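Close look at the chain arrangement
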Amino acid sequence: MSQGPAGEPFDADHHWMMRAFEQANEALTADEVPVGAVIVRDHEIIAAASNQRESLHDPTAHAEMIAITQAAAAISDWRLEHTTLYVTLEPCVMCAGAILQSRIPRVVFGATDPKAGAVCSLYELLADQRMNHQCLVTGGVLAEPCGQILTDFFRAKRALKRK
């Protein structure tokens, strides 16, 4: 672990997940499901996105999908080798497929998704040896705030529906 500016330990995963969490807050502000993602290459964010399914009327507009598209455009290559994807929620099947197809070597996520997670909850697609690519995965980074923002969002939506 390297050191931060004041000599304190610098945890890169925590740092970049905080940037993804900022994207989740942007989604929340836009009344979207609060999930955010950033893609990092050479210690720099090359893509940052939040869920935009409602605003774009697009079922594929998950934070990960948008970030992957941005990152590919940023480096002019569909192969996102030497990158790490940070996302506040465990990727679903669609996003896990895009991660594999784009050759992202490492994924870091916050909260698990017991209803749709395809990394460790329902499936383990990113580690499946039958696929032509596998990813290193680190889960549970900032899991509590990443999960709490989702819990609060859906609780508020249910309360509005009851009224």
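For the structure, check the block above.
Below is a short write-up of the structure. (Residues numbered from 1 in each chain as written. Predicted model: local features only at pLDDT ≥ 70, side-chain atom pairs only at ≥ 80, totals over all residues. Heavy atoms only, no water.)

1. Observations concerning the packing of helix α3 (residues 63-75) against helix α4 (residues 93-101)
- At their nearest, the axes of α3 and α4 sit 9 Å apart, and the two run at 20° to each other. Classed by the angle they form, the pair α3 and α4 counts as roughly parallel. In the crossing of α3 with α4, the sense of the turn from one axis to the other is left-handed. Seen from α3, the contacting residues are Glu64, Met65 and Ile68; seen from α4, they are Met94, Cys95, Ala98 and Ile99. (Axes fitted to C-alpha atoms, helices over the stretch in contact; angles between N-to-C directions. Helix = DSSP H or I, 4+ residues; strand = E, 2+ residues; numbered from the N terminus. Parallel < 35°, antiparallel > 145°, perpendicular 65-115°, else oblique. Left-handed = near helix turned anticlockwise from the far one by under 90°. Contact = heavy atoms within 4.5 Å.)

2. Concerning helix α1 (residues 12-29)
- Given a rise of 1.5 Å per residue, 18 residues ought to cover 26 Å, and the 26 Å separating the end C-alpha atoms of α1 matches this to within 8%.
- By the burial criterion, the buried members of α1 are Asp13, Trp16, Met17, Ala20, Phe21, Gln23, Ala24 and Ala27. Viewed end-on, α1 has its buried residues packed into an arc of 155°, placing them on one side of the element.
- Buried residues along α1 sit in contact with β3 (36-41), β4 (44-50), β5 (84-89), β6 (106-111), β7 (136-138) and α5 (143-162).
- Where α1 begins, one side-chain oxygen reaches toward the backbone nitrogen of Asp13, 3.1 Å away; that side chain belongs to Asp11.
- Just past α1, the residue Asp31 takes up positive phi, approximately 60°. (Expected span 1.5 Å × (residues − 1). Buried < 20%, exposed > 50% of the residue type's maximum accessible area, 1.4 Å probe, protein only. Arc of directions from axis to C-beta. Polar contact = N/O pair within 3.5 Å; in protein donor to acceptor, adjacent residues only side chain to side chain.)

3. Some words on the side chain of Glu64
- Turning to its location among the elements, Glu64 is positioned in helix α3.
- Buried and unpaired, Glu64 has Arg53 as its nearest opposite-charge partner, separated by 9.3 Å.
- Dropping the residues within four chain positions of it, Glu64 is found in contact with Val35, Ala37, Leu85, Val87, Leu89, Pro91, Cys92 and Cys95. (Lys, Arg positive; Asp, Glu negative; His and termini not counted. Salt bridge = Lys/Arg side-chain N within 4 Å of Asp/Glu carboxyl O.)

4. Notes on unusual backbone geometry
- Even without a glycine there, the phi angle at Asp42 is positive, about 55°.
- Inspection of the secondary structure puts Asp42 in the loop between β3 and β4.
- Judged by its relative accessible area of 61%, Asp42 is exposed.
- Unlike most non-glycine residues, His82 shows phi in positive territory, near 65°.
- Within the secondary structure, His82 sits in the loop between α3 and β5.
- The exposure class of His82 is exposed, given its relative accessible area of 60%.

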